[in-house]
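Report on the structure
This is what each chain is made of:
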Amino acid sequence: MTESSWEISIGARVRATMASAELTRYFAVKMTPARARIALLQLSLFVSCRRDCWANLIANCDAATMRQRLMEHEYDEVVEDEFSSKGHYDLLIRQGALIGLTADDFANVQPLRTSMATFYGWKWIAREGAWQDGLIAMMATEWVNDDRRLMNQGGGLSRRDGLRWMRDFGYQWEEMPNFAAHAVADEKHSDLFVPLLDKFIPNRESALKAADDALELFKLYHLGVAEEMERSESEI
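Cut-off values and rules
Residues numbered from 1 in each chain as written. Predicted model: local features only at pLDDT ≥ 70, side-chain atom pairs only at ≥ 80, totals over all residues. Heavy atoms only, no water. Salt bridge = Lys/Arg side-chain N within 4 Å of Asp/Glu carboxyl O. Helix = DSSP H or I, 4+ residues; strand = E, 2+ residues; numbered from the N terminus. Buried < 20%, exposed > 50% of the residue type's maximum accessible area, 1.4 Å probe, protein only. Phe/Tyr/Trp six-rings, centres within 6.5 Å; stacked < 30°, edge-to-face > 60°. Lys NZ or Arg CZ within 6 Å of the ring centre and 35° of its normal. Core = buried A, V, L, I, M, F, W, Y, C linked by side-chain atoms within 4.5 Å. Contact = heavy atoms within 4.5 Å.

1. Section: the pattern of salt bridges
- For the structure on display, the rule yields 17 salt bridges.
- The partner of Asp212 in a salt bridge is Arg13, with the nearest N and O atoms 2.7 Å apart. Placement of the pair is Asp212 in helix 12 (residues 204-231) and Arg13 in helix 1 (residues 3-18), with a sequence separation of 199 residues.
- Taking relative accessible area as the criterion, Asp212 reaches 30% and is therefore assigned partly exposed.
- Put simply, Asp168 and Lys30 hold a salt bridge, and the shortest N to O gap is 3.6 Å. Residue Asp168 is located in helix 10 (residues 157-169), and its partner Lys30 is located in the loop between helix 2 (21-28) and helix 3 (33-60); the two are separated by 138 residues in the primary sequence.
- One salt-bridge network, in which partners are shared between bridges, spans Glu7, Asp146, Arg148, Arg149 and Asp191.

Here is the structure:
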């Protein structure tokens with residue numbers, strides 16, 4: 001399977017996911033400070049889960065070249081890159097201060113049941129299955145942030161989240177470090193693995209099935225956040 005074939009196969013799945021009823025409902029919710037706190041706190045758990053998933057891939061991967069790329073990916077996320085000298089989780093805490101969240105709020109948040117189901121599912125895919133399948137699953141659920149593949153649908157997840165905060169709160173991009181960084185950073189991450197897929201992914205059908213499963217969980221997560229935000233009526 002060529003690079004372009006992987007791009008087409010994964011990209012089509014990502015575009016369908018971002019046009020799904022679940023994501024449409026998620027983006028239809030008008031943001032308020034209370035709703036933003038729900039979304040950002042659940043996102044912090046989402047991010048922590050992703051770190052566990054990528055760590056599982058590093059542990060399971062038996063291809064040195066691919067493991068090096070995986071570690072490069074996680075160095076940017078956990079240690080430092082051009083967006084943060086403290087790792088990307090710090091971007092969430094900094095953005096959370098805009099809406100009254102503290103580091104303790106992030107430390108003590110509990111997952112929604114839909115979030116919990118998503119996280120257990122993703123961790124199972126990354127830990128128990130073939131690392132090749134887990135990689136495609138994690139790539140697909142990261143490509144949702146790649147504007148290049150989604151600009152005709154309003155942009156990737158972080159861009160659309162950021163535009164909603166701009167519309168509903170009046171913030172500017174430089175005030176929203178998490179959204180601003182991930183509207184750009186995941187383009188670099190999207191490109192890390194594609195040149196190696198043809199060499200290291202022997203079972204295309206199994207890998208794409210893992211991507212489908214991971215994207216279904218992505219939709220479930222956002223449906224749960226949308227439902228919880230809709231319940232928060234106190235500031236409307």
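2. As for the packing of aromatic side chains
- Applying the stated criterion across every chain yields a total of 10 aromatic pairs.
- Pairing Phe46 with Tyr221 gives two aromatic rings, centres 5.0 Å apart and planes at 55°, and the pair type is tilted. With Phe46 in helix 3 and Tyr221 in helix 12, the pair connects residues that are 175 residues apart, well separated along the chain. Each member of the pair Phe46 and Tyr221 is classed as buried.
- When the ring of Trp54 is compared with that of Phe193, the centres are 5.7 Å apart and the planes differ by 20°; the resulting orientation is stacked. Here the residue Trp54 occupies a position in helix 3, and Phe193 occupies one in helix 11 (residues 177-200), the gap between them amounting to 139 residues. Comparing Trp54 with Phe193, the two get one shared label, buried.
- Taking the ring centre of Trp143 as reference, the NZ or CZ of Arg149 above it sits at 3.6 Å.
- Directly above the ring of Tyr26 sits Arg164, whose terminal nitrogen or CZ lies 4.6 Å from the centroid.

3. Structural notes on the environment of Ile10
- Checked against the element boundaries, Ile10 lands in helix 1.
- Each C-alpha atom of the pair Ile10 and Tyr221 lies 20 Å from the other, and the pair is 211 residues apart in sequence.

4. A look at the nonpolar core
- Counting residues in each nonpolar core, the largest one holds 71 residues, and the members touching the most others are Met66, Trp122, Leu135 and Ile136.
- Top contributing element to this core by residue count: helix 3, with 14 residues.
- Beyond its immediate stretch of four places on either side in the chain, Trp122 contacts Phe46, Cys49, Arg50, Cys53, Met138, Thr141, Ala214, Leu217 and Phe218.

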